[in-house]
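# Fold and geometry: a report
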Amino acid sequence: EAGVAQSPRYKIIEKRQSVAFWCNPISGHATLYWYQQILGQGPKLLIQFQNNGVVDDSQLPKDRFSAERLKGVDSTLKIQPAKLEDSAVYLCASSLEAGFNQPQHFGDGTRLSIL
Amino acid sequence: DQQVKQNSPSLSVQEGRISILNCDYTNSMFDYFLWYKKYPAEGPTFLISISSIKDKNEDGRFTVFLNKSAKHLSLHIVPSQPGDSAVYFCAAKGTSYGKLTFGQGTILTVHP
């Protein structure tokens, strides 16, 4: 079974520029999550999709972050404009269903550095 | 407000001995708990989980214990191996749709 795929692995941009990350979840997984992991901390949920609908985006800074899930499969997360505090690893995860006790499976993440 | 805490930033054990990683939580609505292992430059890998209706779950060398009255869970690794050296995160799920709240992580180093 192929795992969660993310690209790019690394990205360096200057503050105020824009950036986008891509995620392809495990086949058949209805739920997709984007997490932000700042160095020395655990992952923090940014947004959760069930199929192509948003079920939780309470911690997404909506003035600069946006995300979409096309046709209930792939997803993109965008930051525009980026701030220095956005330097982090952005992790995508997927699970079969959100309502049941199913583990989430993570991709290797995109490491974002803001100069 | 940190709802899931791992108070030990690091742990060092000898190969073959037991590793015990601890995690405390404050939200009594959490009903499902997980442990993840993370190597550098990789995403977290699911290790083991436990539902709030149980107090113990075992999978090979890994055992998770849950003490609901103390709001405490622990991960036991026996015997520890050098390949177990990684960052370990505990996570908890509440009644909302699948959202996981993570602890800060504990760096485990197993010496040969």
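A short tour of the structure in this document, coming up. (Residues numbered from 1 in each chain as written. Chains lettered and ligands numbered in written order. Predicted model: local features only at pLDDT ≥ 70, side-chain atom pairs only at ≥ 80, totals over all residues. Heavy atoms only, no water.)

Next up on the list: unusual backbone geometry. Excluding glycine, a negative phi dihedral is what most residues carry, and trans is how most peptide bonds are arranged. Between A:S7 and A:P8 the backbone carries a cis peptide bond, its omega angle lying at -5 degrees. Here the residue pair B:V78 and B:P79 is connected by a cis peptide bond, since its omega of -10 degrees sits within 30 degrees of zero. Within the element layout of this structure, B:P79 appears in the loop between β8 (72-77) and β9 (86-93). A positive phi is found at B:K71, a non-glycine position, where the angle reads about 50 degrees. You can see B:K71 is positioned in the loop between β7 (62-67) and β8. (Helix = DSSP H or I, 4+ residues; strand = E, 2+ residues; numbered from the N terminus.)

What follows deals with the state of the cysteines. All names here are of chain B. Applying the stated criterion to the full structure yields two disulfides over all chains. At a sulfur-sulfur separation of 1.9 Å, the disulfide partner of C23 is C90. Taking the sign of the S-S torsion, about 60 degrees here, the bridge from C23 to C90 comes out right-handed. Placement of the pair is C23 in strand β3 (residues 19-25) and C90 in strand β9, with a sequence separation of 67 residues. The residues C23 and C90 share a single accessibility class, namely buried. (Disulfide = S-S within 2.5 Å. Buried < 20%, exposed > 50% of the residue type's maximum accessible area, 1.4 Å probe, protein only.)

Let us look at the side chain of A:T31. Inspection of the secondary structure puts A:T31 in strand β4 (residues 31-37). Within the structure, A:T31 has its side chain in polar contact with the side chain of A:Q50 (distance 2.6 Å). (Polar contact = N/O pair within 3.5 Å; in protein donor to acceptor, adjacent residues only side chain to side chain.)

On to empty space enclosed by the protein, then. Inspection of the entire model under this criterion finds two cavities of 30 Å³ or more. What the largest cavity holds in volume is close to 80 Å³. Considering the residues around the largest cavity, the lining is formed by A:R9, A:Y10, A:V89, A:D108, A:G109, A:T110, A:R111, B:K38, B:A41 and B:E42. Across the lining of the largest cavity, the residue classes tally to three nonpolar, two polar and five charged. Each pocket or cavity is described by its volume, and for the second largest cavity that value is around 50 Å³. (1 Å grid on protein atoms, 1.4 Å probe; cavity = no way out; pocket = protein on both sides within 12 Å on 5 of 7 lines; lining within 4 Å. Points joined across faces, edges and corners; volume = space filled by probe spheres on them. Nonpolar A, V, L, I, M, F, W, Y, C, P; charged D, E, K, R; others polar.)

A few words now on the packing of aromatic side chains. Counted by the stated rule, this structure contains 13 aromatic pairs over all chains. Here a set of aromatic residues connected by ring pairs shows up, and it is made of A:Y33, A:Y35, A:F106, B:Y36, B:F46, B:F89 and B:F102. (Phe/Tyr/Trp six-rings, centres within 6.5 Å; stacked < 30°, edge-to-face > 60°.)

Where empty space is left becomes clear once a probe the size of a water molecule has been rolled over the atoms. Considered as a void within the structure, the largest pocket measures approximately 510 Å³ in volume. Around the largest pocket, the lining is made up of 24 residues, and of these A:Q37, A:I38, A:L39, A:G40 and A:Q41 lie nearest the centre. If you list the elements that add at least two residues to the lining of the largest pocket, you get β9 (88-95) and β11 (110-114) of chain A together with β9 and β11 (106-111) of chain B. Of the residues that constitute the lining of the largest pocket, the class distribution is 13 nonpolar, nine polar and two charged. By volume, the second largest pocket amounts to about 380 Å³. What lines the second largest pocket is a set of 19 residues, among which A:P43, A:K44, B:Q2, B:T101 and B:F102 lie closest to the centre.

Right, let's talk about the environment of B:Y88 for a bit. All names here are of chain B. Looking at where Y88 falls in the secondary structure, it is placed in strand β9. Judged by its relative accessible area of 0%, Y88 falls in the buried class. Measuring from C-alpha to C-alpha, the distance between Y88 and F102 comes to 10 Å, with 14 residues separating the pair along the chain. Aside from chain neighbours lying at most four places away, what touches Y88 is Q6, L21, W35, Y36, K37, L47, L75, I77, G105, T106 and L108. (Contact = heavy atoms within 4.5 Å.)

None of the figures reported here should be taken as evidence of function without further support.
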